[in-house]
Amino acid sequence: MTLSHLHCSSLSQVRCMLNIWGVMLFIRLSWVFGQAGWGLGIVVIALSCVVTTITGLSMSAICTNGVVRGGGAYYLISRSLGPEFGGSIGLIFAFANAVAVAMYVVGFAETVVDLLKENALLMVDEINDIRIVGCITVVLLLAISVAGMEWEAKAQIVLLIILLVAIVNVFVGTFIPATADKKSKGFFNYNAKIFLENFTPSFRDNESFFSVFSIFFPAATGILAGANISGDLRDPQKAIPKGTLLAILITGITYLGVALCVSATVIRDATGNITDAIPIGSFCNGSSSLACELGYNFSSCEVEKCKFGSMNNFQVMTMVSGFGPLIIAGTFSATLSSALASLVSAPKVFQALCKDNIYKALYFFAKGYGKNNEPIRGYILTFIISVAFILIGNLNTIAPIISNFFLASYALINFSCFHASYAKSPGWRPAYKYYNMWLSLFGALLCCIVMFVINWWAALLTYAIEILLYIYVTVKKPDVNWGSSTQAVTFVSAVSNALSLTAVEDHVKNFRPQILALTGSARSRPALLDLAHSFSKNYGLCLTCEVFVGPRSEVLQDMNSGMEKNQQWLKKTKRKAFYAAVACEEFRDGTESLLQASGLGRMKPNTLMMGFKRNWRTAGREAVQTYVGILHDAFDFEYGTLILRMNQGLDVSHIVEAEEDMLKAAREQQELDNEMMPNGGKSRGMFRKSRKSSTQVLTTRVSVCGPPPPQVAKMNEKLLEASAQFKTKQPKGTIDVWWLFDDGGLTLLLPYILTTRKKWKDCKLRIFIAGQPERSELDKQEMKHLLEKFRINCTDINVVDDIHVRPSSDSLQEFEDMIEPFRLREGSKDTAEAEAIQKEQPWKITDKELNNFEEKTNLQIRLNEVLQKNSKSANLIIVSMPIARKESISDFLYMAWLDILTKDLPPTLLIRGNHKSVLTFYS
C-alpha cells in the first residue's frame, strides 16, 4: 500500500501547503507589507484567502457529488460543465502547470546563482547560469516524478519539514536580541512604534494596492494541487475538501503571522552602515525620525535609495531569522516542492484529458505505464515545455500568464458549483453542505476581476484561448455524455421557454412550419426527411415518425430498441429532427395518435408530410382506405398536408435492412472466426476443421443477404441516388409553384423557405396561376402586386389560360385504364343488381360519381399535361393539392386523381394548407 493510500487527506493537505508556501513567503512578503503597510497588507492576504476559500468550498461540493477520478481541476469542470468547458480549461490548466514548473525552477536557479555570485563562482554569466542550473534541476525533478507517487510523496514530506523549520526559524529570530549589524539593516526586535509606523501604506516606484496585490497573489494559487492527484488518493471525496481547506487556513495564518512579525520588527529603510549609529533619543527630521529614536540616523535614505529595510532588501527574512542558511534552505524547499508538485500535476491532468479523447490528436498521451498507470509520455512532454521556458531565464516574463491560467480554472470551478446548483438537477447531491450557489457565483466573478487586476493583456489572452478551444470542441462534438449541469440547465430552459410560449397566442407573423413526417424509420425515406428538414430547419420543428403495426407485446421491443438508434442516426447525419414512434394494432390509429399527441405546448406539428402511395392499385382496399383516411384525419385536426412523389420512389427500407443483415452476418462470422482461431489467428488441429464447418453454416445466412439480380441492383442504385437528391446542393434550375387554390398561403410560404437555403440558392422561383385568356396580363399584374406585399421574390409569373381545356383522348384513355379495375359499372345492370353490388362493394367507383366529378377529374388530367409542357425540367414542382370530400368521392378515385396529376414528372410536392393564413401584408 502506498503512502498516499495510507494518508490520503494528509497528502492532499501537504501538497496544497507546499504549493501555497512558495517563493513569496521568503523573498516578497516583507516587501508587500512594506509597500502596503500592515493595514492594507492584511487586506491583500485576506482578499487572496477569500478567493481561494470560496473556490475551495465550491471544489469541495463538486468533489463530494460523486466519485472523483484522476484529472483534478479538469475532471471537476468537465464532469460538471461538460466537455466544451472541461476540454478547453483542461488543456490550458495542464499547460499552465507545465510552465509553472519552469517558473519555480527559475526561481530556485536565481537563488542558487545569487549564492554563486556572492562567492565569485559564476560559470558563464547570470542568465546562462540560471539556464544551466534550471535544466539540471528539472532533470533531477523528472527522475523523482517518474519514480512514482511513493518517492514523490516522500520527497514532499522532506521538503515540508525543511519549510516548517525555516518558518519557525523566522519566528524564533524575532525574539533573539538584535545585533548592531542587524540594527543597521533595519531590524530592532519587537517595538510598538515600528508597528504603528508600518501600519500606513508607503507606495513607491509607481506601485499601487493592485500592483502589489498582483505580485503577491500567485503565492495563493496552489489550492488545486491536491485535486490534481485525485486519482492517487484512496478517498478523494474526503481528502480533497479537508486537505484543501485546512491548507488554506494554515498557510493564511502563517503568511499573516510572519508578515506581522516582520512589520513589528523591521523599519522600511536602512543603510546597513554601523557607523550611522547615534545616541538613542536623538532628533531627526523626515521619515527617518523613528530610526533616530532607536539610535540610528538613516536620513540619507531620503536622498538616495538604501539597500536595506523591508522596502529595499528582498532577503529580510534571512536577516530576521535565527539562522540565515535555514531560510535559504526554506527558499530552496519552497521552489523545489512547488516545481515537483506542478511536474506531477501537469502530466496527470493531461493524461486524464487525453483519455477522454476530446482532442483526438492528443490520444497518444493517454497511455500509462506500470501498476500506477504513470503518464511517462506526459512527463516527457511536460519536461520539454519546462525546458523551453527555463531557457527564457526571466521569472517576470513567465509569471503573469500562469496566474491568469490558474485563476481561469478557479473561476470555472466556482461557476461549475453555481451552475450545478442553479440547474436543480436531482443528480446534484453533494455530501459537503457548507457551500452556497451565490457565493460560488461571487467567487467566479471575483476571480475574473482579479485576472484583469493582475494583468489585463494576459487575462484577455487566456479568455481568447479558452474561447477558441471551446468553439473547437463544440464544433467537433465529442461522443461523450457525462450528465453535465449544462444539459440540466438546457432542459430547465427548454421547459421554461415551452411554458412561456403557451401563454402567447399564435400570430400569423410567427407561423412556422412544424412538420410531422411519416417516414417510417429515420433511414427509410431520406428524400422525404431531407425536404421536410429543409422546410423546418431554423424555422420550426421536424418530427420523423414511425408506426409499429401489430400486437404491443410483439412490436414494443423493436420500437424501444429503435428509438435511440434512430435519434443517433439523425444526429450523426446532421439532420435537425426528432424521432417519434408509436405501437398500434392499425396504422391509421397509430398515425391518428401521432397527429393528436405529438409535440409540446405551442411546439407541436401543424403540417403532415408523407410520401405518395405508388402501389395503390395493387395494395388492396384496406391499405388505400387507410392512406386516404390519414389525409382526412389530418384535415380534421387542422393540419396542412404535403405529399411528395418521386418517380423512383421514396422507400429504401429494404436496402437498409439488407445492409444491416449483411453487417450483422459479417460480425457474427468474425466473432465465430475469432473463437475458432486462437493463438493470434493460427488454427490448429480440431479448430481448423471446426472453422471450415462454421463457414459452411454461415454461408446459408449470408446468401440470403447476397447481391441481388442485375436488374434489381440497377433499380436499387437509382433509388439510392434519388433518395439523396435533396441532401446535396441543387443544380441551377427552378422551383415551379402552381398556386391554384387559396389555402392560406402555405403553398407560397414553403417554396419561399426553400429559396433561403444554401442547397437551393441556385434555384429560381417561378409562379404559375390559372387565368382567363382575355385577362392574362391583368391577372399577372395582380399576382405580382400580391407577391410584393407578401415580400416574396420570384423570377417569373406565368398565367396559364388553357388549364380548363378538355384533356387529350390519350390522357383520358390512360385515366380510364387506371381506374378500370375499381369501377362498379352499375349503369349496365338493372337497379336491383346494381344496388346489391354497390352494397357489397361500396368502395368502388360508380358511374354516377364519375359523372358528378367529371369536370374535376378532367382538371387533374389536364393539369398533368400542362405540367409536362411547362415544368418538365424543374428541380421541384409544387402544386396545390386537390381535396376529396368525405363520403362524396371514393378513395380509389381520389388516388387516381393524385396519380394522374403527378405522373411522369420531376419530384412533385402536393401542398394543401388548412385555410388559416400563414402570410400577412403587415410588419
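Analysis parameters
- Residues numbered from 1 in each chain as written.
- Predicted model: local features only at pLDDT ≥ 70, side-chain atom pairs only at ≥ 80, totals over all residues.
- Heavy atoms only, no water.
- Helix = DSSP H or I, 4+ residues; strand = E, 2+ residues; numbered from the N terminus.
- Buried < 20%, exposed > 50% of the residue type's maximum accessible area, 1.4 Å probe, protein only.
- Contact = heavy atoms within 4.5 Å.
- Areas by Shrake-Rupley, 256 points an atom, 1.4 Å probe, with all protein chains shown as cover.
- Core = buried A, V, L, I, M, F, W, Y, C linked by side-chain atoms within 4.5 Å.
- Patch = residues over 30% accessible without salt bridge, like charges linked within 9 Å, V, L, I, M, F, W, Y side chains within 5 Å.
- Salt bridge = Lys/Arg side-chain N within 4 Å of Asp/Glu carboxyl O.
- Lys, Arg positive; Asp, Glu negative; His and termini not counted.
- Charge placed at Lys NZ, Arg CZ, Asp CG, Glu CD.
- Polar contact = N/O pair within 3.5 Å; in protein donor to acceptor, adjacent residues only side chain to side chain.
- Phe/Tyr/Trp six-rings, centres within 6.5 Å; stacked < 30°, edge-to-face > 60°.
- Lys NZ or Arg CZ within 6 Å of the ring centre and 35° of its normal.

### A word on the overall build of the chain
Next, step 1: Counting secondary structure elements, the chain contains 36 helices and 10 strands.
Next, step 2: Put simply, the chain has 923 residues, and 52% of those count as buried.
Next, step 3: Long-range contacts, defined here as pairs at least 24 residues apart, represent 81% of the contacts in the chain between residues at least 6 apart.
Next, step 4: Working note: accessible area of the chain is about 43200 Å², and carbon and sulfur atoms make up 58% of it.

### Considerations on the nonpolar core
Next, step 1: In terms of nonpolar packing, the biggest core is built from 121 residues, with Phe26, Leu29, Tyr255 and Leu407 touching the most fellow members.
Next, step 2: Looking at which element gives the most residues to this core, the answer is helix 6 (residues 83-118), with 19 residues.
Next, step 3: Once residues lying within four places of it in the same chain are set aside, the contact partners of leucine 407 are Val51, Phe217, Cys447, Val450, Met451 and Ile454.

### Digging into a positive patch on the surface
Next, step 1: Taken together, the side chains of Lys476, Lys477, Lys537, Lys571, Lys574, Lys576, Lys727, Lys758 and Lys761 make up a positively charged region of the molecular surface.
Next, step 2: Structurally, lysine 576 can be placed in the loop between helix 23 (552-572) and strand 3 (578-584).

### With respect to the pattern of salt bridges
Pairing between side chains of opposite charge can happen when the charged atoms of each approach one another.
Next, step 1: Enumeration according to the criterion identifies 23 salt bridges in this entry.
Next, step 2: One salt bridge connects glutamate 293 with lysine 193, and the closest N-O pair in it is separated by 2.9 Å. Note that glutamate 293 is positioned in helix 14 (residues 289-293) and lysine 193 in helix 10 (residues 192-197), a separation of 100 residues in sequence.
Next, step 3: In this structure, the salt-bridge partner of aspartate 269 is arginine 204, at a minimum N-O distance of 2.6 Å.

### What to know about a nonpolar patch on the surface
Next, step 1: A cluster of nonpolar side chains, Met123, Val124, Ile132, Ile136 and Leu140, forms an exposed patch at the surface whose accessible area comes to about 480 Å².
Next, step 2: Assignment of secondary structure puts isoleucine 136 in helix 7 (residues 126-146).

### A look at the side chain of serine 58
Next, step 1: Note that serine 58 resides in helix 4 (residues 29-63).
Next, step 2: Residue classification places serine 58 among the buried positions, given a relative accessible area of 0%.
Next, step 3: Here serine 440 takes part through its side chain, which lies 2.8 Å from a polar atom of the side chain of serine 58.
Next, step 4: Among all residues touching serine 58, those that are not within four sequence positions of it are Ile413, Asn414, Cys417 and Ser440.

### Thoughts on the packing of aromatic side chains
Next, step 1: Enumeration over the complete set of coordinates arrives at 29 aromatic pairs.
Next, step 2: Taking the centre distance of 5.8 Å and the plane angle of 20° together, the rings of phenylalanine 418 and tyrosine 422 count as stacked. Of this pair, phenylalanine 418 and tyrosine 422 both sit in helix 18 (residues 395-423), four residues apart, which is roughly one turn of the helix.
Next, step 3: Since its relative accessible area comes to 45%, tyrosine 422 is described here as partly exposed.
Next, step 4: Taking the centre distance of 6.0 Å and the plane angle of 25° together, the rings of phenylalanine 452 and tyrosine 463 count as stacked. With phenylalanine 452 in helix 19 (residues 437-454) and tyrosine 463 in helix 20 (residues 456-476), this pair connects stretches of sequence that are 11 residues apart.
Next, step 5: Exposure remark for phenylalanine 452: the relative accessible area of 38% places this residue in the partly exposed category.
Next, step 6: Ring-pair connections join several aromatic residues into one group, and the members of that group are Phe209, Phe210, Phe213 and Phe217.
Next, step 7: In this structure, lysine 367 is placed above the aromatic ring of tyrosine 369, and the distance from its NZ or CZ to the ring centre is 5.2 Å.
Next, step 8: Taking NZ or CZ as reference, arginine 377 lies 4.0 Å from the ring centre of phenylalanine 364, over its face.

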